[in-house]
Amino acid sequence: MAIADVPLADTLARPLRDLRISVTDRCQFRCTYCMPREVFGRDFVFLPREQLLTFEELTRLARLFAGLGVRKLRLTGGEPLLRRDLDKLVAMLAGIGGIGDIALTTNGALLAGKAQALAAAGLRRVTVSLDSLDDAVFMALNDAGFPVARVWRPSPRPPMRGWRR
């Protein structure tokens with residue numbers, strides 16, 4: 001029996017259909033619960049870019065997992081939108097047979113400028129991690145002086161065609 005004939009399962013024999021892919025360890029926020037400034041300050045050394053998996057390597061891994069039954073991919077980080085040309089990776093992943101859904105988890109700070117290209121590449125869902133709608137609380141938690149209004153702009157329309165709130 002080939003390995004591809006044995007679907008991935010957890011310890012309760014439930015099939016594993018989702019795969020999270022971290023595309024970077026960097027983030028522009030210093031959230032107190034995730035990357036506190038006292039640990040991840042100016043002198044913190046993140047992975048050198050040449051040590052990150054390339055888009056081709058990430059796509060190869062996703063293709064292997066798709067062969068084992070994975071159907072959904074979620075791109076994470078750090079902050080995945082800091083990874084240059086992320087829409088190109090999304091397009092590569094969207095071309096993998098058997099993958100029916102590609103999602104992204106983000107802090108939302110860069111989403112407005114990248115949403116259209118990501119959707120055109122095949123991104124179908126976005127989760128914005130929004131700690132608070134209260135500006136003072138939001139800025140205290142992200143420790144970057146980033147106001148909530150730059151992430152959350154309530155409007156009657158979804159941010160892009162085909163997406164809904």
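One can find the structure itself at the top, above this paragraph.
Residues numbered from 1 in each chain as written. Predicted model: local features only at pLDDT ≥ 70, side-chain atom pairs only at ≥ 80, totals over all residues. Heavy atoms only, no water.

Asker: Is there a simple way to explain the packing of aromatic side chains in this structure?
Answerer: For any pair of aromatic rings, the description consists of the separation of the ring centres together with the inter-plane angle of the planes. Within this structure, the stated rule accounts for 5 aromatic pairs. For the pair Phe-29 and Phe-146, a centre-to-centre distance of 5.2 Å together with 50° between the ring planes defines the contact as tilted. Pair noted here: Phe-29 is in the loop between β1 (18-22) and α1 (55-67) and Phe-146 is in the segment after α4 (135-142), with a separation of 117 residues, a long-range link. Both residues of the pair, Phe-29 and Phe-146, count as buried. Here a set of aromatic residues connected by ring pairs shows up, and it is made of Phe-29, Phe-138 and Phe-146. (Phe/Tyr/Trp six-rings, centres within 6.5 Å; stacked < 30°, edge-to-face > 60°. Helix = DSSP H or I, 4+ residues; strand = E, 2+ residues; numbered from the N terminus. Buried < 20%, exposed > 50% of the residue type's maximum accessible area, 1.4 Å probe, protein only.)

Asker: Looking at this model, I keep getting lost on the layout of surface pockets. Mind explaining?
Answerer: Empty space left among the atoms is revealed by rolling a probe the size of a water molecule over them. Estimates place the volume of the second largest pocket at around 300 Å³. Taken together, 18 residues form the lining of the second largest pocket, with Cys-27, Cys-34, Gly-78, Asn-107 and Ser-129 sitting closest to its centre. Residues belonging to the lining of the second largest pocket are distributed by class as follows: 8 nonpolar, 7 polar and 3 charged. (1 Å grid on protein atoms, 1.4 Å probe; cavity = no way out; pocket = protein on both sides within 12 Å on 5 of 7 lines; lining within 4 Å. Points joined across faces, edges and corners; volume = space filled by probe spheres on them. Nonpolar A, V, L, I, M, F, W, Y, C, P; charged D, E, K, R; others polar.)

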